[in-house]
Amino acid sequence: MTGILPPDIANAPSPEGAAKRLGEALGLNGPAPMEATRRALSEALYAKALWSSRKIPALRDQLLAAAGQMRISGGADDTPTNAQLVAKSIKGALKWGMEGLKPAAPWVIQRRLGACLSCPHNVPAPDKLVYRGAKVAVGKDARICDACHCLINTKSAISTEHCPEKHPSQPELSRWEEPWVPPEKHPKGPW
Ligand code: SF4
């Protein structure tokens, strides 16, 4: 897909060759999964989201693992809630892909994760379709914030993300100890 993926990936002589080159470009230890490679080669918006995520391993791995699952409807276990979450996931990932992703500084990520660690909104990721890719990528212990339904590891790594809850003792701040922003003004993240 010229213009989004580098030409050596887009013009690889075979899907296997493209997967190998995509894996190298994304910093993986081996070829990219074939499902993700096929989508990246055939869908411009997925390619943009994946390419933009390459400096944020947590998000990159989730996009790779979810390549076969990011759809509006599908398997027999799709419930309306799953469909809504998957739709949110697609829209958010594609928007991020188009705008580019900026990772937060390591010390910011550590402070955010520290706050999430002791927060009552930090819960195990439910066994829903949209989170299964994440469980494959980060393990069965994936956690979400039940206030915004985002995956905590990914959300905390994105510079433009916000914690949706006010700090218990400093209402001008969020629980992340950053200026509190009303949730309706948050970027619509996919995770
Ligand atoms: S993002 Fe904020 S509300 Fe959500 S788990 Fe983390 S600290 Fe709690």
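Procedures and definitions
- Residues numbered from 1 in each chain as written.
- Predicted model: local features only at pLDDT ≥ 70, side-chain atom pairs only at ≥ 80, totals over all residues.
- Heavy atoms only, no water.
- Core = buried A, V, L, I, M, F, W, Y, C linked by side-chain atoms within 4.5 Å.
- Buried < 20%, exposed > 50% of the residue type's maximum accessible area, 1.4 Å probe, protein only.
- Helix = DSSP H or I, 4+ residues; strand = E, 2+ residues; numbered from the N terminus.
- Domains from an automatic or database assignment.
- Contact = heavy atoms within 4.5 Å.
- Near = heavy atom within 4 Å.
- 1 Å grid on protein atoms, 1.4 Å probe; cavity = no way out; pocket = protein on both sides within 12 Å on 5 of 7 lines; lining within 4 Å.
- Sits in = over half its atoms within 2 Å of the grid points.
- Nonpolar A, V, L, I, M, F, W, Y, C, P; charged D, E, K, R; others polar.
- pLDDT = per-residue confidence, 0-100.
- Salt bridge = Lys/Arg side-chain N within 4 Å of Asp/Glu carboxyl O.

Sorry, what's going on with the nonpolar core here?
One recurring pattern in soluble globular proteins: nonpolar side chains tend to sit buried together. Core analysis: the largest hydrophobic core is formed by 25 residues, its most contacted members being Leu5, Leu22, Ala40, Tyr46 and Leu50. The set of elements that each furnish at least two residues to this core consists of helix 2 (15-25), helix 3 (34-42), helix 4 (44-52), helix 5 (57-65) and helix 7 (106-117). At five residues, helix 4 tops the list of elements feeding residues into this core. Each of domain 1 (7-99) and domain 2 (106-185) gives at least three residues to this core. With near-sequence residues (within four places) excluded, Leu5 lies in contact with Ala10, Leu22, Ala40, Leu41, Ala47 and Trp51. With eight residues, the next largest nonpolar core counts Ala115, Cys148, Cys150 and Trp176 among its residues.

Can you walk me through the environment of Cys163 in this structure?
With respect to the helices and strands, Cys163 occurs in the segment after helix 9 (152-157). Take Cys163: its relative accessible area is 9%, and that puts it in the buried class. Sequence separation between Cys163 and Pro179 is 16 residues; the distance between their C-alpha atoms is 9.5 Å. With near-sequence residues (within four places) excluded, Cys163 lies in contact with Lys155, Ser174, Arg175, Trp176, Trp180 and His186.

So what exactly am I meant to see when it comes to the site of the ligand here?
Neighbouring the ligand are the residues Cys116, Cys119, His121, Asn122, Cys145, Lys155, Cys163, Pro164, Glu165, Arg175 and Trp176. Here the ligand occupies the largest cavity. Looking at the shell around the ligand, its residues break down into six nonpolar, two polar and three charged.

Would you explain the confidence of the model for the chain in this entry?
Low-confidence regions, as indicated by low pLDDT, have predicted coordinates that should not be scrutinised in detail. Summarising the model, the chain shows a mean pLDDT of 77, and 71% of its residues fall at 70 or more. Ranking the helices and strands of the chain by mean pLDDT puts helix 2 first, with 94, and helix 6 (residues 80-99) last, with 53. The low-confidence segment residues 70-80 (pLDDT under 50) makes 20 contacts with residues lying over four places distant or belonging to another chain.

I would appreciate a short explanation of the pattern of salt bridges in the present structure.
When the charged atoms of two side chains with opposite charge come close together, those side chains can pair. Tallying each qualifying case throughout the model produces five salt bridges. The salt bridge involving Glu178 is made with Arg111; its shortest N-O contact spans 2.5 Å. Of this pair, Glu178 sits in the segment after helix 9 while Arg111 sits in helix 7, and the two are 67 residues apart along the sequence. The buried category is assigned to Glu178, whose relative accessible area is 12%. In this structure, Glu178 engages Arg112 in a salt bridge whose closest nitrogen and oxygen atoms are separated by 2.8 Å. On the criterion of sequence distance, the pair formed by Glu178 in the segment after helix 9 and Arg112 in helix 7 is long-range, its members being 66 residues apart. When salt bridges that share partners are traced, they join Arg111, Arg112 and Glu178 into one network.

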